[in-house]
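# Residue-level structure breakdown
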Amino acid sequence: MSPESSKRFRVSAYNFGFLDEGSKREIRRSTLKAVAIPGYQVPFASRELPIGKGWGTGGMQLSLSLAGSRDTIKVIDQGHDDSVNAVSIRHLIQSCTQVEMTRDSQAASLIQSRHRIPEIPLRKDQILILQVPQPDPLKKVESHEKKVKQLHADKDYKGMWLHLYEDISQWGDISISADYPSTAHERYLFAPSPLPRWDVPKLNHSEALCLLGAGREKKIYAIPPHTQVTPLAFDDVPFTTENFGKASCKNCGADNVYLDEFIDDETGQKTYSCSDTGYCHQRMAERRIQ
Amino acid sequence: MGYVTVTGGQTAIEEAEKLLHHYRTGQSSHPLHPETIEKQMRLLVDRIMGEGGLYAPDHASLALKQAEGDPAEAAFLLRAYRSTLSRNFYTKTVDPGEMRLIRRISSTFKDIPGGQVLGPTYDYTHRLLNFSLREETEEDFSEFLEAVDIDSEQVEQTPSFKKVTELLKAENLLADSEMEQEQEPVDITREKPAFPLSRSARLQSLARGETGAMSALAYSAVRGHGKVHPTIGELRVGYADIEIEYPGRENESLYIGETMLTEVETVNSFTETINNQAGGLNLGYGLVFGHNELKAISMAVLEHSLATEGEAPVHDEEFVLLHIDSVDSSGFISHMKMPHYVTFQAQLNRLRKFQEEEGGKPEDESRKQ
C-alpha cells in the first residue's frame with residue numbers, strides 16, 4: 001500500500017472484509033439459495049462499497065463475503081490483471097482482508113472477473129465470481145421488474161425468442177455479441193454477464209462454481225458445477241462464437257484464445273494479443289524456460 | 001501477505017491520487033476545516049445526509065471536504081461508510097407533530113393554529129450577489145449576532161404546533177385512506193423489497209433520493225406529465241427527538257439525540273382518486289433529513305403520484321424509485337468510463353461477420369447518415 005493511500009484508509013478501523021459480519025452472512029445466505037436454484041436471481045439488500053455502483057460492487061460483495069484468511073484471490077477486468085479497475089478492486093480486497101493475491105488462475109481459490117472467464121478450464125475447488133451490470137436478460141423485452149419476475153415464474157420466454165427471431169429477420173443472424181441469453185439447466189433464462197460469446201460454453205458443465213453478483217440491481221445468481229448451460233438458438237441458426245480467423249497472439253503465439261485487437265501507430269497494421277493476460281504471461285514464461 | 005503488483009495500472013492510480021490531492025488543496029494556504037463546512041454550508045450538509053442516508057453532520061462535512069464539494073461523491077462516501085456500521089437499534093417512531101419548529105408555513109390556510117412561522121428562508125430574499133461577503137470577517141459575524149440579538153436558547157425552545165392536516169381530519173375532509181397498515185416498516189437497507197413496494201419501502205427510497213432527480217420528476221408531474229397539482233397543507237422544519245427502547249426495560253425510552261427534519265404534507269384535489277376511491281382530499285407525504293424543502297416537497301408530490309394511477313412516468317414506481325438514487329445513478333453513469341475492450345471486440349466481430357455476409361450493407365447504411 002502506498003503511503004498516500006494508507007493515510008486515507010486505516011485498515012484497522014474496518015472489519016475483516018470491510019462489511020460487518022451480519023451483512024456478510026446475509027450475502028452468503030442469498031448465495032446458498034442461488035446455488036440451490038441455478039440461474040434464478042436471488043434478491044439481496046446489497047451494501048454500498050467504497051467503489052462505485054456499476055464498477056463491480058456485486059462481484060465484490062460476493063468476494064468479501066466468501067474470502068477467508070486461507071484464500072488466494074485473483075482479480076481480472078477484461079481478462080487483464082493490471083487493468084486499472086482490476087488493480088483498484090484487488091487493492092481494496094487486499095487492504096481489508098490481507099489475503100494472498102495472485103495472477104495465476106490455477107493458483108486462485110476465488111477469481112473475481114469482469115467480462116471474461118480465464119482460458120485455462122477451472123477446477124472444482126475454485127469459485128468464479130462474475131460482476132454483472134444487468135442481471136435480467138428479459139429487461140431487453142420488458143422493462144418492469146414486477147412483470148419480468150412473473151415471466152420467469154411462468155417460464156414465459158417467448159418475448160426473448162421473438163426478439164431473437166426479429167434480430168435474424170433484420171440482420172440475417174443474431175446480433176447479440178456479449179451477454180448472450182442462456183438457459184440454466186433447462187429452466188431459468190439468465191444473463192451470463194457481458195462475457196463474449198467465446199466464454200459462454202465454458203459455463204456449460206463447468207467443474208467450478210460460478211457466482212454472479214449485481215450490486216446495483218441487488219441480485220445474486222449462480223451456475224453451480226455441472227449445470228447445463230444452453231445459449232438460446234434456433235435449429236437452423238445455431239449459436240456461434242467469435243472467430244479470429246488465422247490471427248494469433250503477438251506475445252505468446254496462442255491462437256485458440258480470445259484476442260484483443262491493436263492497431264500499430266506507425267504501420268497502421270492490425271495485431272492481436274491474448275485478452276487473458278495471466279494465461280499469456282504463463283505461456284511466455286514457459287517458453288523462456290524451454 | 002501476498003504480492004503487491006506494481007504495474008502500469010497501479011502506478012497510474014497512485015499518481016492520479018496524488019494529483020487529486022494536489023487539486024483538492026487548491027494550492028491554498030488555508031485548509032478548509034470540516035467544522036466550517038458544517039456550520040456555514042448547512043444546506044449542503046443536510047442534503048448530503050439525506051442522500052447518504054446517514055444523519056451525521058460531522059461525517060457529511062468531512063465527506064464534502066474530501067470530495068471537493070461534489071454532492072454525489074460526498075453522499076457516496078457516507079453510504080460506503082454506512083455499510084461498515086452494524087445496526088444495533090431501531091428508533092421508536094418519531095412524531096413530527098411534536099417537532100420543535102424553526103419554520104412552518106401553510107399554503108392552504110392563512111390562519112393556522114399557532115400561526116405561520118417564516119423562519120430561515122431564501123424564499124423572499126432577492127437573489128442579488130452580495131459582494132460584501134467577499135470581505136466578511138469574524139468581527140462582522142459577532143457584530144451581527146450582537147445587533148440582531150437572536151436568542152439561540154429561545155430558538156431552541158420554539159413550541160410545537162398541531163398539524164394542519166389534523167384540522168382537515170377533524171372536518172372530515174380527508175379521503176378515507178385505503179393504505180395498508182404496516183405493523184413493522186421494512187428496512188430497505190437490510191432487504192431488497194419486491195415490487196410493488198410497501199408504502200414504508202417507498203417512503204424510505206424517496207427519503208434517500210437525490211434532490212435534483214426528485215425535483216425534476218416532481219416538476220414533470222405538476223407540469224402536465226402526471227395527474228397531480230397539490231397545495232402545500234403544511235411545510236415544517238424543526239428538530240425531532242430520537243428515542244430508542246431502553247435496553248432490557250420494556251416500555252421505557254432512551255433519548256439518544258435529535259435530528260433536524262423537513263416535513264411536507266400536500267393536499268391534493270378530490271378529483272384525483274387514489275385507487276379509484278373518491279370522496280375527499282388526498283394527502284401526499286414527504287419527510288427528509290435536515291433542512292431541504294425542495295426535496296421534501298418533491299417527495300410529497302412523488303409519493304402522491306405513485307399512489308395515483310396514470311400513464312405518466314411519475315405514476316410508475318419502478319421508473320421513479322429505481323432512478324432517483326444518486327449512488328446508483330452516478331455509479332452506473334460513470335462506469336461507462338471503464339474499459340469495455342472485450343465487449344467492444346465482440347461487437348466488432350459481429351459487425352464484420354454481418355458485413356462479410358451482406359456485402360458491405362451496414363457500411364453503406366452508415367454512409368447515408
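The structure displayed is predicted, hence computed values, not measured ones.

Calculation rules
For every chain, the first residue of the written sequence is number 1, and numbering continues from 1 along that sequence. Chain letters and ligand numbers both follow the written order, the letters beginning at A and the numbers at 1. Since the coordinates come from a predicted model, pLDDT governs what is reported: local features require at least 70, and pairs of side-chain atoms require 80 or more to be given and counted, while whole-chain, interface and lining totals use all residues. The side-chain values count all of the structure's non-hydrogen atoms but skip hydrogen atoms and water molecules. Domain borders in the structure are assigned automatically or taken from a domain database. By the convention used here, residues are in contact when the closest approach between their heavy atoms is within 4.5 Å. We define buried area as the total accessible area lost by two parts upon association, computed with a 1.4 Å probe and summed across both. By convention in these notes, a salt bridge is any Lys or Arg side-chain nitrogen within 4 Å of a carboxyl oxygen on Asp or Glu. N or O atoms within 3.5 Å of each other form a polar contact, as long as, within protein, one can give a hydrogen and the other can take it, and as long as residues adjacent in sequence are counted only when both atoms are side-chain atoms. Only protein atoms enter the 1 Å grid, on which a cavity is a set of points fitting a 1.4 Å probe that cannot get out and a pocket is an open set with protein on both sides within 12 Å along at least 5 of 7 lines, lining residues being those with an atom within 4 Å of a point. Grid points are joined across faces, edges and corners, and a volume is the space filled by probe spheres set on the points. Helix and strand assignments come from DSSP, with helices taken as H or I runs of at least 4 residues and strands as E runs of at least 2, each series counted from the N terminus. Each residue gets one of three labels, nonpolar for Ala, Val, Leu, Ile, Met, Phe, Trp, Tyr, Cys and Pro, charged for Asp, Glu, Lys and Arg, and polar for the others, Gly among them. For each residue, the accessible area found with a 1.4 Å probe, counting protein chains only, is set against the maximum for its type, and the residue is called buried under 20%, exposed over 50%, and partly exposed in between. Here a pair means two rings of Phe, Tyr or Trp (six-membered ring of Trp) with centres within 6.5 Å. Their orientation is stacked below 30 degrees between planes, edge-to-face above 60, and tilted elsewhere. Consider the ring centre and the ring normal. A charge sits over the ring if Lys NZ or Arg CZ is within 6 Å of that centre and within 35 degrees of that normal. One requirement defines pairing of two strands: DSSP has to find at least two bridges between them. All axes are obtained by fitting lines to C-alpha atoms, using only the stretch in contact for helices, and the reported angles, taken between N-to-C directions, cover 0 to 180 degrees. With the far helix as reference, a near helix turned anticlockwise by less than a right angle produces a left-handed crossing, and one turned clockwise produces a right-handed crossing. We call a set of buried residues a nonpolar core when its members are Ala, Val, Leu, Ile, Met, Phe, Trp, Tyr or Cys and they connect through side-chain atoms within 4.5 Å of each other. To estimate the expected span of a helix, count its residues, drop one, and scale the result by 1.5 Å. Roughly parallel here means an angle under 35 degrees, roughly antiparallel means over 145, roughly perpendicular means 65 to 115, and every remaining angle is called oblique.

### Some words on the domain arrangement of chain A
All names here are of chain A. Domain annotation for chain A reports domain 1 (11–137 + 181–231) and domain 2 (243–290). Between domain 1 and domain 2, the residue contacts involve 14 residues of the former and 11 residues of the latter. Taken as a group, Arg116, Glu119 and Trp198 account for 44% of the area that domain 1 buries against domain 2, more than any other trio of residues on that side. Scanning the region where domain 1 abuts domain 2 turns up 0 salt bridges. One can count 8 residue pairs in polar contact (both at pLDDT 80 or more) joining domain 1 with domain 2.

### Notes on empty space enclosed by the protein
Unoccupied space between atoms shows up once a probe the size of one water molecule is rolled over them. Residues and elements named next belong to chain A. Per the stated rule, a full pass over the model turns up 2 cavities of 30 Å³ or more. Considered as a void within the structure, the largest cavity measures approximately 140 Å³ in volume. Gly54, Gly56, Gln131, Val132 and Pro133 are, among the 18 residues lining the largest cavity, the residues nearest its centre. Of all the secondary structure elements, the ones that give two or more residues to the lining of the largest cavity are helix 3 (57–66) and strand 8 (209–214). At 3 residues, the largest contribution of residues to the lining of the largest cavity is made by helix 3. Looking at the lining of the largest cavity residue by residue, the classes come out as 5 nonpolar, 10 polar and 3 charged.

### Some words on the interface of chain A and chain B
Across the contact, 70 residues belong to chain A and 54 residues belong to chain B. Regarding the contact of chain A and chain B, the summed buried area is about 5200 Å², with carbon and sulfur atoms giving 55% of it. Our count for the contact surface shared by chain A and chain B stands at 7 salt bridges. Between Asp173 of chain A and Arg350 of chain B there is a salt bridge, with the nearest N and O atoms lying 3.5 Å from each other. Applying the counting criterion to the chain A and chain B interface returns 25 residue pairs in polar contact (both at pLDDT 80 or more). Of all the secondary structure elements, the ones that give two or more residues to the side of chain A that touches chain B are helix 1 (3–8), helix 4 (84–97), strand 3 (100–101), helix 5 (145–153) and strand 11 (259–263) of chain A. At 7 residues, the largest contribution of residues to the side of chain A that touches chain B is made by helix 4 of chain A. Classifying every residue of the side of chain A that touches chain B by side-chain character gives 23 nonpolar, 21 polar and 26 charged.

### Considering helix 13 (residues 326–334) of chain B
All names here are of chain B. Within the sequence span of helix 13, burial applies to Ser326, Val327, Asp328, Gly331 and Ser334. Looking at the buried side of helix 13, the elements it contacts are helix 3 (42–52) and helix 5 (71–82). Among the residues of helix 13, the N-terminal cap falls to Asp325, whose side-chain oxygen and the backbone nitrogen of Val327 are separated by 3.1 Å.

### Overview of the packing of aromatic side chains
Inspection of the entire model under this criterion finds 10 aromatic pairs over all chains. Look at Trp171 of chain A and Phe354 of chain B: their rings are 6.1 Å apart centre to centre, the planes differ by 10°, and that puts the pair in the stacked class. In this pair, Trp171 of chain A sits in helix 6 (residues 158–171) while Phe354 of chain B sits in helix 14 (residues 341–358), so the two residues belong to two different chains. We classify Trp171 of chain A as partly exposed; its relative accessible area is 30%. A connected cluster of aromatic rings, assembled from ring pairs, spans Trp198, Phe244, Tyr258 and Tyr272 of chain A. Lys250 of chain A extends its terminal NZ or CZ atom over the ring of Phe262 of chain A, reaching a point 4.5 Å from the ring centre.

### What to know about the sheet that holds strand 6 (residues 182–184) of chain A
Residue and element names in this part refer to chain A. Pairing within the open sheet is antiparallel, and its 3 strands lie in the order 7-6-10. Unpaired on one side and paired on the other, strand 7 (188–190) and strand 10 (229–231) mark the two borders of the sheet. Taken pair by pair, the neighbouring strands of this sheet meet at an average axis angle of 35°, ignoring direction. Bridge count for strand 6 against strand 7 is 3 bridges, and the pairing is antiparallel. Across the sheet, residue Ser182 finds its bridge partner in strand 7, namely Phe190.

### Regarding the packing of helix 9 (residues 199–207) of chain B against helix 11 (residues 293–306) of chain B
Residues and elements named next belong to chain B. Between helix 9 and helix 11, the least distance of the axes is 10 Å, while the angle of their chain directions is 150°. The element helix 9 and its partner helix 11 pack so that their crossing is right-handed. In this structure, helix 9 uses Arg199, Arg202, Leu203, Leu206 and Ala207 to contact helix 11, whose residues at the interface are Lys295, Met299, Leu302, Glu303 and Leu306.

### Some words on the nonpolar core
Counting 63 residues, the largest nonpolar core has Met60, Ile73 and Ile93 of chain A as its most contacted members. With residues up to four places along the chain from it excluded, the contact list for Ile73 of chain A reads Ala67, Ile93, Val99, Glu100, Met101, Thr102, Ala108 and Leu110 of chain A. Counting residues in each nonpolar core, the second largest holds 31 residues, with Ala221, Met260, Val288 and Ala296 of chain B among its members.

### Structural notes on the side chain of Asn85 of chain A
One can find Asn85 of chain A in helix 4. Relative accessible area serves as the criterion here: at 5%, Asn85 of chain A is assigned to the buried category. The residues contacting Asn85 of chain A, other than those within four sequence positions of it, are Trp55 and Asp77 of chain A together with Met338 of chain B.

### Overview of helix 11 of chain B
Residue and element names in this part refer to chain B. Its 14 residues give helix 11 an end-to-end C-alpha distance of 20 Å, which sits within 8% of 20 Å, the value for a rise of 1.5 Å per residue. For helix 11, the buried fraction is high: 12 of the 14 residues fall into the buried class. Of the residues that open helix 11, the one with a side-chain oxygen 3.2 Å from the backbone nitrogen of Lys295 is Asn292.

### Brief notes about the packing of helix 3 of chain B against helix 4 (residues 57–66) of chain B
All names here are of chain B. Between helix 3 and helix 4, whose axes approach to 9 Å, the crossing angle comes to 100°. When the axes of helix 3 and helix 4 are compared, the pair comes out roughly perpendicular. Within the contact between the two elements, helix 3 uses Leu44, Val45, Ile48 and Met49 and helix 4 uses Pro57, Ala60, Ser61 and Leu64. Of the residues in the contact of helix 3 with helix 4, the class split is 7 nonpolar, 1 polar and no charged.

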